[in-house]
Amino acid sequence: MSHPIYEIAKEQFAAVGVETEAALQALDKIPVSMHCWQGDDVAGFEAPEKAGAGNGCVATGNYPGKATNPAELMADLEQAAAHIPGPLRLNLHASYATDGSPLPERDELTVDNFRSWVDWAKAQQFGIDFNPTSFSHPKAEDGFTLSHQDAGIRQFWIDHCIACRKIGAVIGEELNNPVVNNIWIPDGYKDTPADRFAPRERLKDSLDAIFAADVSKKWNIDAVESKLFGIGVESYTVGSSEFYLAYAATRQIALCLDAGHFHPTESVADKISAALLYVPELLLHVSRGVRWDSDHVITLDDPTTAILQECVTSGQMERIHVGLDFFDASINRIAAWVIGTRNAKKGLLKGLLQPTQALREVELAGDYTSRLAMMEDARSLPWGAVWNEYCERQDTAGDNQWLGAVKAYESSVLSGR
């Protein structure tokens, strides 16, 4: 039986034309892809001499208890998932290969090097998403990969991306669940370049070579991801927003919008409808940039909520994949997963509980006064009661009820690492 508070909330939403039961059913069909790298500060499981080389990704802080091997990372993910209601996926980077001793070079990786992850995902009923790892490697030390001047180094990264696409296709088929395979590279210059054109031309040619490889589109969904700037590439990023939007549109592959890869004053939510007119699918890496691409744990702030609401109110959810991308080493890493992933699902729920149809009707009628009034009134509707009802139906702790279990896990497990 539903909680009495939920029944009251249900009536209040019904008064503005929103069916909470339909919203809960819809939410239960939207998986959120949890990123493995929050659990170990983007270290991965390769040889120690590779870790940190040519990185471009920085997890700041030294909170105790980070995962140091696959078994620990899997256990931590399971602990986090226990406090997150609804369907989940795992976003996996190639540098997290677990099987094979020694591990092959990145351009020679196969699905056999990720067998433990596939078996784990089957047991947990997770889908998997995948990413080539074009950083933290000696061949990325100078900050260039797919746009490198050296044809040999470019070919290494081309072969790595092709290998990852093949891995994604096999995983997708084995799980009977397509894998979103996303390419991001750190290429760029710290100071103003003399030639902006040539690196982008090389990147375009490299990407064309990668996507020319025959890989199942049924089981592997290709995506490309832009960036505004980062540490060490403050003045010029080869894979800019304009570059990848044009590339994804002309090649008809998915475009990744990472919320931390744009200027803080840009609205990523506004980009969703614009991009969907030209690309077949979107991948979202929901993050929270503060000052620079710092990838903070997402909160229910206005920009993040707007992104997640737009996903569902656009009516294009079947073409959108929601993933997370943050890494905070200053707090309990499992709590970071739980807070961020629950917030992602809350943002989606808030979108599903918007009186979207009524708002569109007054907008089409030119009644912008009613539109503003209705939007503002919707902010105070009791969506939290609907969220807690969803948690209860999923046998998951509601708000203010899960942190104690995470702290207990910290005391009994994390503190011993």
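Conventions used here
- Residues numbered from 1 in each chain as written.
- Predicted model: local features only at pLDDT ≥ 70, side-chain atom pairs only at ≥ 80, totals over all residues.
- Heavy atoms only, no water.
- Core = buried A, V, L, I, M, F, W, Y, C linked by side-chain atoms within 4.5 Å.
- Buried < 20%, exposed > 50% of the residue type's maximum accessible area, 1.4 Å probe, protein only.
- Contact = heavy atoms within 4.5 Å.
- Helix = DSSP H or I, 4+ residues; strand = E, 2+ residues; numbered from the N terminus.
- Pairing = 2+ DSSP bridges.
- Phe/Tyr/Trp six-rings, centres within 6.5 Å; stacked < 30°, edge-to-face > 60°.
- Salt bridge = Lys/Arg side-chain N within 4 Å of Asp/Glu carboxyl O.

(A) Main features of the nonpolar core. Ranked by internal contacts, the top residues of the largest apolar core, which has 70 residues, are Leu146, Leu207, Ile210, Ile272, Leu282 and Ile320. Apart from the residues lying within four places of it in its own chain, the contact partners of Ile320 are Ile272, Leu276, Leu282, Leu284, Cys311 and Ser314. Core analysis: the next-biggest nonpolar cluster, separate from the first, contains 47 residues, Leu109, Ile171, Ile334 and Trp337 among them.

(B) A look at the pairing of strand S4 (residues 179-183). Counting buried positions over the five residues of S4 gives five, a clear majority of the element. Because side chains alternate across S4, one face comprises the buried residues Val179, Asn181 and Ile183, and the other comprises Val180 and Asn182, equally buried. Pairing of S4 with strand S6 (residues 220-225) involves five bridges; the strand directions are parallel. Bridged to Asn182 within S6 is Ala223.

(C) A look at the packing of aromatic side chains. One pass over the full model with this rule turns up 12 aromatic pairs. When the ring of Phe114 is compared with that of Phe130, the centres are 5.0 Å apart and the planes differ by 85°; the resulting orientation is edge-to-face. Of this pair, Phe114 sits in the loop between strand S2 (88-93) and helix H4 (115-124) while Phe130 sits in strand S3 (residues 127-131); the two residues are 16 residues apart in sequence, bridging distant segments of the chain. An identical accessibility class is assigned to Phe114 and Phe130; each is buried. In textbook terms, an aromatic cluster arises when at least three aromatic residues are bridged by ring pairs, as seen for Phe211, Phe243, Tyr244 and Tyr247.

(D) Broad picture of the pattern of salt bridges. Taken as a whole, this structure holds 19 salt bridges when the rule is applied. One salt bridge in this structure joins Arg89 and Asp129, with 2.9 Å as the shortest N-O distance. Taken together, the residues Arg89 in strand S2 and Asp129 in strand S3 connect sequence positions 40 residues apart. Of the two residues, Arg89 and Asp129, both sit in the buried class. Lys271 is the salt-bridge partner of Glu266, the closest N and O atoms lying 2.7 Å from each other. Ionic contacts of the salt-bridge type, sharing partners, join the residues Asp112, Arg115, Lys122 and Glu174 into one network.

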